[in-house]
Amino acid sequence: MSRFIEIVEVGPRDGLQNEKALLSVEEKLDLIRRLEAAGARRTEVVSFVNPNRVPQMAGAEEIMDALGGPDPKRSRIGLVLNMRGWERCLSTGCDEANVVVCASDGFGVKNQGATVNQQLDTLAAIVERQAVEGGPPITATISVAFGCPFDGEVSQDQVVAIAREAAAMNVPEIAIADTIGVADPWTVRKRIDAVRAAAPDARLRMHFHDTRNTGLANAFASVEAGVDILDASVGGLGGCPFAPAATGNIGTEDLVYMLERAGFETGYDLEALIAIGRDISERLGKAPASSLARAGGFPK
């Protein structure tokens, strides 16, 4: 089997944003550089949010400045929630922008201070500005796409409606995010099929949290459904400050092991990922959440 699965490393952003320990800019840069040396080609490195609300994400401009200019072998991604975030993303020279649209009003108001319709208006305004002024490629990330901690169940129709709007804006990539880790593999398959029908020209990307131990099963379902782009976080780090009880993402090393054991290609150095996951967890004062960090790979 020679199919390549692209793994977008989100540890430096999603992995750190809910941690009690605050890392310095230098520590974040060390993490990013080690991940890139281990094979990360697309990495979510910063979040353009208010550092007073999410202090773990402070230093975005300093990080991007220290990483230097464009690198044809690397893509550094910034998370964008609003027009101010887009302007910061532009000014720092990010290679890509993940623009978030929440699938529920409850989470949208808590996380971004905006309803779904208001967030879609923001996405449209950003796309329009990009078309006129230029800027990095945009991914529309649909968060809480399987369930919301405030509004409860999120229907397929809610997610499809957002995907259809993003497709009408010609957004090239749509990420479907299980922000609080409530999805199951069967629903994942159905939701992928529905979004693909609504946005046939967009690349699909999946983002899973392992809150209820279904993350890898959902990743498997995604690959079986034909998705070639998955998010993961080294060490299984992650969570959302505005999603009660949400825990980490799929561990990058766990996902790489599963895929490569089955014969897929990922381009990552598994042993290096395991070492990074152990080291960053120790630095944060916690045990690694990923299984590979505890058990190691096989065969040894």
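The preceding data block contains the structure.
Residues numbered from 1 in each chain as written. Predicted model: local features only at pLDDT ≥ 70, side-chain atom pairs only at ≥ 80, totals over all residues. Heavy atoms only, no water.

**Q** Outline the overall build of the protein chain, supporting the account with residue identities and numerical values.
**A** A tally of regular secondary structure across the protein chain gives 12 helices and 10 strands. Computed over the C-alpha atoms, the radius of gyration of the protein chain is 18 Å, within 12% of the 19 Å expected from 2.2 N^0.38 for a compact globule of 300 residues. Burial analysis of the protein chain (300 residues in total) assigns 56% to the buried set. Total accessible area computed for the protein chain in this model is approximately 12,300 Å², and 50% of it derives from carbon and sulfur atoms. One finds the centroid of the 30 positive side-chain charges in the protein chain at a distance of 3 Å from the centroid of its 41 negative side-chain charges. (Helix = DSSP H or I, 4+ residues; strand = E, 2+ residues; numbered from the N terminus. Rg over C-alpha atoms; globule rule 2.2 N^0.38 Å. Buried < 20%, exposed > 50% of the residue type's maximum accessible area, 1.4 Å probe, protein only. Areas by Shrake-Rupley, 256 points an atom, 1.4 Å probe, with all protein chains shown as cover. Lys, Arg positive; Asp, Glu negative; His and termini not counted. Charge placed at Lys NZ, Arg CZ, Asp CG, Glu CD.)

**Q** Describe the pattern of salt bridges, naming the residues involved and giving the relevant values.
**A** Here the structure, examined in full by the defined rule, presents 17 salt bridges. The salt bridge involving Glu19 is made with Lys286; its shortest N-O contact spans 2.8 Å. Within this pair, whereas Glu19 is found in the loop between α1 (11–15) and α2 (25–37), its partner Lys286 is found in the loop between α11 (270–283) and α12 (291–295), the two being separated by 267 residues in sequence. The class of Glu19 is buried, set by a relative accessible area of 8%. Across the pair Glu87 and Arg129 runs a salt bridge whose closest N-O atoms are separated by 3.0 Å. Of this pair, Glu87 sits in helix α4 (residues 83–92) while Arg129 sits in helix α6 (residues 116–133), and the two are 42 residues apart along the sequence. (Salt bridge = Lys/Arg side-chain N within 4 Å of Asp/Glu carboxyl O.)

**Q** Go over the packing of aromatic side chains, please, and point to the residues and values.
**A** Under the defined criterion, the tally for this structure stands at two aromatic pairs. When the ring of Phe146 is compared with that of Phe208, the centres are 6.4 Å apart and the planes differ by 40°; the resulting orientation is tilted. Here Phe208 lies in strand β9 (residues 203–208) and Phe146 lies in the loop between β5 (138–143) and β6 (147–148), a separation of 62 residues in the sequence. The exposure classification of Phe146 matches that of Phe208, with both residues buried. (Phe/Tyr/Trp six-rings, centres within 6.5 Å; stacked < 30°, edge-to-face > 60°.)

**Q** Mind laying out the side chain of Gln112, listing which residues take part and the relevant values?
**A** Position of Gln112 among the secondary structure elements: in helix α5 (residues 105–112). For Gln112, a relative accessible area of 15% corresponds to the buried category. In this structure Gln112 touches Leu81, Val100, Cys102, Phe107 and Gln119, once residues within four positions along its chain are discounted. (Contact = heavy atoms within 4.5 Å.)

**Q** So what's going on with the side chain of Asp178? Residues and values would help.
**A** Topologically, Asp178 is positioned in strand β8 (residues 173–178). Salt bridges are absent for the buried Asp178, whose nearest opposite-charge side chain, Arg212, sits at 6.9 Å. With near-sequence residues (within four places) excluded, Asp178 lies in contact with Phe146, Ala183, His207, Phe208, His209 and Asn218.

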